[in-house]
Protein chains: 2
Amino acid sequence: MDIAHQIRDKGLKVTPSRLGVMEVLGQNHQAYAHADLELLFKDMDRVTLYRVLNDFEEAGLVHKIIDMDGVTRFALCKHSCPDTHHADEHVHFSCQACHKMFCLENVSSPVFNIPSGFKAIGQNILVYGFCKTCSAA
Amino acid sequence: MDIAHQIRDKGLKVTPSRLGVMEVLGQNHQAYAHADLELLFKDMDRVTLYRVLNDFEEAGLVHKIIDMDGVTRFALCKHSCPDTHHADEHVHFSCQACHKMFCLENVSSPVFNIPSGFKAIGQNILVYGFCKTCSAA
DNA sequence: AATGCAAACGCAACATTATTGCATTTGCAT
DNA sequence: ATGCAAATGCAATAATGTTGCGTTTGCATT
Ligand SMILES: [Mn+2]
Ligand SMILES: [Mn+2]
Ligand SMILES: [Zn+2]
Ligand SMILES: [Zn+2]
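To start, this report covers the structure provided alongside it. (Residues numbered from 1 in each chain as written. Chains lettered and ligands numbered in written order. Predicted model: local features only at pLDDT ≥ 70, side-chain atom pairs only at ≥ 80, totals over all residues. Heavy atoms only, no water.)

A few words now on the packing of aromatic side chains. Enumeration over the complete set of coordinates arrives at four aromatic pairs over all chains. With a centroid separation of 4.8 Å and 65° between ring planes, the pair formed by phenylalanine 118 of chain A and phenylalanine 93 of chain B is classed as edge-to-face. Taken together, the residues span two chains, with phenylalanine 118 of chain A in the loop between β5 (101-108) and β6 (119-130) and phenylalanine 93 of chain B in strand β4 (residues 90-95). Comparing phenylalanine 118 of chain A with phenylalanine 93 of chain B shows no difference in burial state: the two are buried. (Phe/Tyr/Trp six-rings, centres within 6.5 Å; stacked < 30°, edge-to-face > 60°. Helix = DSSP H or I, 4+ residues; strand = E, 2+ residues; numbered from the N terminus. Buried < 20%, exposed > 50% of the residue type's maximum accessible area, 1.4 Å probe, protein only.)

Dropping the structure here:
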């Protein structure tokens, strides 16, 4: 399925801004910060980029991850999620050298033994260290 | 050991601001946001509060956790850590109702099976849902 | 107890990130 | 081709965090 269809299937209009962002996010399993994308789309208004990313998240096209330094990042949802709840229960890896964040789609989250009384709904797991490229150098 | 000694042992001067913040953080196992503390210490300057928290973190008196919404929170380090590296490898729980964050000191982090090439240094684990009080209601 | 000094503080200014309102433009169904 | 809701650009505003600097204060020393 091509990008335009993915966007339209979520009830969103197909625009150059949205096509561009989707194309970049689809190139790899990385999670991009707003600042990253702003550099790639210099002609796009900052506010438009915020709205594109928010709309994508609400539509379930992307998921949001908060980095250790509080920076919000967005990555493509590889699997098709139901509209009601889209879970991205995989581990994310944050490189301390190149500051890229990777979706480790194959590393799933364990179940934690939470004290009784607490009701767990979901969890965010962030492993940090050095990515393949940076640990080779 | 009383609070004043804990502060002075880290090479920091004992001041009313620092005593106040330490006392609040010591009351429970919760992680407080800057905004929370600002309400509790209305006479304290915002910048001073930022500096108190940063100094405490560098001294190893508190540890920093980023909430799911990107908000920075601080909690007391219960165990005494070495000055060089202070690990807080426990799970944190974020309540979606009251927005409090709790340190689950007894729930330790598992080891993840990261793809080869990636070098893991540490990890942040955040479980979210409803805390004891809120799930009872 | 008085002194001296580095550390801590208060205040103002600035930086970054994100949101909101509104007029204009555009995708797309008709 | 037309009409309209959705999307965009721009300006203003909010929230969060940092930096510089003059003043105050903790505390070691005398
Ligand atoms: Mn992901
Ligand atoms: Mn903690
Ligand atoms: Zn890297
Ligand atoms: Zn709660």
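Contacts to DNA strand D come from 19 residues, most closely from Thr15, Arg18, Thr48 and Arg51 of chain A together with Arg46 of chain B. Here threonine 48 of chain A contributes a side-chain N or O atom positioned 2.5 Å from a phosphate oxygen of DNA strand D. Measuring from a base nitrogen of DNA strand D, one finds a side-chain N or O atom of arginine 46 of chain B at 2.7 Å. Of all the secondary structure elements, the ones that give two or more residues to the surface near DNA strand D are α2 (16-25) and α4 (46-59) of chain A together with α4 (46-59) of chain B. Broken down by element, the residue count for the surface near DNA strand D peaks at five residues, all from α4 of chain B. (Near = heavy atom within 4 Å. Polar contact = N/O pair within 3.5 Å; in protein donor to acceptor, adjacent residues only side chain to side chain.)

This part is about the relation of the copies chain B and chain A. Its rotation angle being 179°, the transformation that places chain B on chain A also includes 0.0 Å of axial translation and leaves an RMSD of 0.1 Å. In symmetry terms, the pair is related by a two-fold rotation axis. (Least-squares fit on C-alpha atoms with pLDDT ≥ 70 in both.)

Turning our eyes to something else, we now look at the interface of chain B and chain A. Counting from both sides, the interface comprises 35 residues of chain B and, opposite them, 35 residues of chain A. At the boundary of chain B with chain A, total buried surface from both sides reaches about 2900 Å², with 71% on carbon and sulfur atoms. Considering only the surface of chain B that becomes buried against chain A, Phe118, Asn124 and Tyr128 of chain B emerge as the three largest contributors, covering 21% of it. Summed over the shared surface of chain B and chain A, the result is zero salt bridges. (Contact = heavy atoms within 4.5 Å. Buried area = accessible area lost by both parts, 1.4 Å probe. Salt bridge = Lys/Arg side-chain N within 4 Å of Asp/Glu carboxyl O.)

In an ideal tetrahedron of four donors about a metal, each angle is 109.5 degrees. In an ideal octahedron of six donors, the angles are 90 or 180 degrees. Residues and elements named next belong to chain A. In the first shell of the zinc ion (ligand 3), the protein supplies Cys95 (SG), Cys98 (SG), Cys131 (SG) and Cys134 (SG), at 2.1 to 2.4 Å from the metal. Around the zinc ion (ligand 3) sit four donor atoms; with metal-centred angles ranging over 103 to 116°, the donor geometry is tetrahedral. Donor residues for the zinc ion (ligand 3), ordered by position in the chain, follow C-x2-C-x32-C-x2-C. Taken together, the residues cysteine 98 in the loop between β4 (90-95) and β5 and cysteine 134 in helix α5 (residues 132-136) connect sequence positions 36 residues apart. (Donors = N, O, S within 2.8 Å, 3.2 Å for Na, K, Ca; no water. Tetrahedral: all angles 85-135°; square planar, octahedral: opposite > 155°, others 65-115°.)

For the rest of this paragraph, the subject is the sheet that holds β4 of chain B. Reading across the sheet, the 12 strands line up as β2(A)-β3(A)-β1(A)-β5(A)-β4(A)-β6(A)-β6(B)-β4(B)-β5(B)-β1(B)-β3(B)-β2(B) and stay open at both edges, with mixed pairing between neighbours. Across the chains shown, the open sheet's two edge strands, defined by having one partner strand only, are β2 (62-66) of chain A together with β2 (62-66) of chain B. Across the sheet, the axes of successive neighbouring strands diverge by a mean angle of 35°, strand direction being ignored. With two bridges connecting them, strand β1 (residues 30-33) of chain B and strand β5 (residues 101-108) of chain B associate as antiparallel partners. Bridge assignment links alanine 31 of chain B to a residue of β5 of chain B, and that residue is methionine 101 of chain B. Contacts from α4 of chain A reach β2 and β3 (72-76) of chain A, with the element oriented near 110° to β2 of chain A. (Pairing = 2+ DSSP bridges. Axes fitted to C-alpha atoms, helices over the stretch in contact; angles between N-to-C directions.)

Moving on, we come to the coordination of the manganese ion (ligand 2). Residues and elements named next belong to chain B. Ligation of the manganese ion (ligand 2) by protein atoms is provided by His63 (NE2), His90 (NE2), His92 (NE2) and Cys103 (SG), these donors lying 2.0 to 2.3 Å from the ion. When the donors of the manganese ion (ligand 2) are listed by position in the chain, the intervening gaps give H-x26-H-x1-H-x10-C. You can see histidine 63 sitting in strand β2 and its partner histidine 90 sitting in strand β4, a full 27 residues away along the chain. We classify histidine 63 as buried; its relative accessible area is 4%.

Treat this as a map of the structure, not an account of what it does.
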